[in-house]
Amino acid sequence: MAYQVIIPAAGQGKRMEAGKNKLLLEINDLPILIHTLNVFQNDEACNGIFLAINPQEEQELREMIESNQLTKVIALVPGGKERQYSIYNALKHIEKEGIILVHDAARPFIDKGLLHPLIKAAEKEGAAILAVPVKDTIKKASGTIVTETVERSSLWAVQTPQAFRFSILIEAYNKAEEDGFLGTDDASLVERIDQEIVIVQGNYDNIKLTTPEDLYFAEAIIKKRKD
Ligand code: CTP
Ligand code: MG
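Residues numbered from 1 in each chain as written. Chains lettered and ligands numbered in written order. Predicted model: local features only at pLDDT ≥ 70, side-chain atom pairs only at ≥ 80, totals over all residues.

In the nomenclature of an unreviewed UniProt entry, the protein is known as 2-C-methyl-D-erythritol 4-phosphate cytidylyltransferase of Cytobacillus eiseniae. Recorded in UniProt for the protein, the comment headed Function (unreviewed entry) runs: "Catalyzes the formation of 4-diphosphocytidyl-2-C-methyl-D-erythritol from CTP and 2-C-methyl-D-erythritol 4-phosphate (MEP)." In the Pathway (unreviewed entry) part of its UniProt record, the protein is described as follows: "Isoprenoid biosynthesis; isopentenyl diphosphate biosynthesis via DXP pathway; isopentenyl diphosphate from 1-deoxy-D-xylulose 5-phosphate: step 2/6." (UniProt positions renumbered as here; feature names shortened; annotations may be inferred.)

> Help me understand the site of ligand 1 in this model?
Inspection of the region around ligand 1 gives 21 residues, with P8, A10, G11, K14 and R15 positioned closest. Of the residues belonging to the shell around ligand 1, the class tally is seven nonpolar, seven polar and seven charged. (Near = placed C-beta within 6 Å. Nonpolar A, V, L, I, M, F, W, Y, C, P; charged D, E, K, R; others polar.)

> So what exactly am I meant to see when it comes to the UniProt feature "site: Transition state stabilizer" (unreviewed entry) in the protein here?
Listed under "site: Transition state stabilizer" (unreviewed entry) in the UniProt record, and renumbered for this structure, are R15 and K22. The residue R15 is located in the loop between β1 (3–8) and β2 (26–27) in this model. Look past the residues within four positions of R15 in its chain and what remains in contact with it is T210 and T211. One can find K22 in the loop between β1 and β2. On the basis of neighbour counts, which here come to 25 C-beta atoms within 10 Å, the residue K22 falls in the buried class. Setting aside anything within four residues of it in sequence, one finds K22 in contact with G13, M16, I32, A106 and L209. (Helix = DSSP H or I, 4+ residues; strand = E, 2+ residues; numbered from the N terminus. Contact = placed C-beta atoms within 7 Å. Buried ≥ 20, exposed ≤ 12 C-beta atoms within 10 Å, placed from the backbone.)

> How do you make sense of the UniProt feature "site: Positions MEP for the nucleophilic attack" (unreviewed entry) in the protein when you look at a structure like this?
When the UniProt feature table is mapped onto this chain, "site: Positions MEP for the nucleophilic attack" (unreviewed entry) is found at R152 and K208. We classify R152 as exposed; it has 12 C-beta atoms within 10 Å. If we skip the residues at most four places from it in the chain, R152 touches V134, T137 and I138. Tracing the backbone through its elements, the reader meets K208 in the loop between β11 (198–201) and α7 (214–226). On the basis of neighbour counts, which here come to 14 C-beta atoms within 10 Å, the residue K208 falls in the partly exposed class. With residues up to four places along the chain from it excluded, the contact list for K208 reads D104, A106 and R107.

Listed below in structure tokens is the structure:
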């Protein structure tokens, strides 16, 4: 059950329009990043956290990590221009064995109870991701003209964490690098090495804080969890 986790936190948070990295914004009196790190700090099976960061935020983050006693943060590694490059950098620092989780710092509401089934699936099958069934009707369009309604029953909205055997994840990242392929999640790289990926059904409240209104949803989730 033991694992290491890579947490990409080196984005700019442009769509949040906060004028700084959105992960430093506070919800419930703690920076978003600390909420996320606490989940893994408090999970016994977590052997180490590898955080990809913006180098100019290093000092501030080191202080935050120390004052919140996040002793499982093993390395702060410089992020890259894209999320994928940030994770690739972090992959060079981890122990090269076992199960690796990748989890976006911008998803602070991961349910700790889902980590176990996710990791078990990755141990058995090599690759597993959290996802929820798509609720909206999805259409394709050419510009703003509808061309097709996509059959929804086979659609999943994918989240993090995503879990992989180290050997599979590094092979997928090396191939993406060789091919110049840029994906929007880790599983899309793993698909390209013909590795089967298992879906573990997640929760709808594991949202990624992306645009300003997501902060209202975040307050609501926190309030509900306090009740
Ligand atoms: N991330 C990263 N390195 C990058 C870009 C993103 O480590 N070059 C991280 C972000 O910090 C975030 C996660 O990847 O935790 C998911 O990215 P996203 O939600 O897109 O965050 P940002 O890239 O920061 O936001 P935006 O795209 O709006 O600028
Ligand atoms: Mg981004």
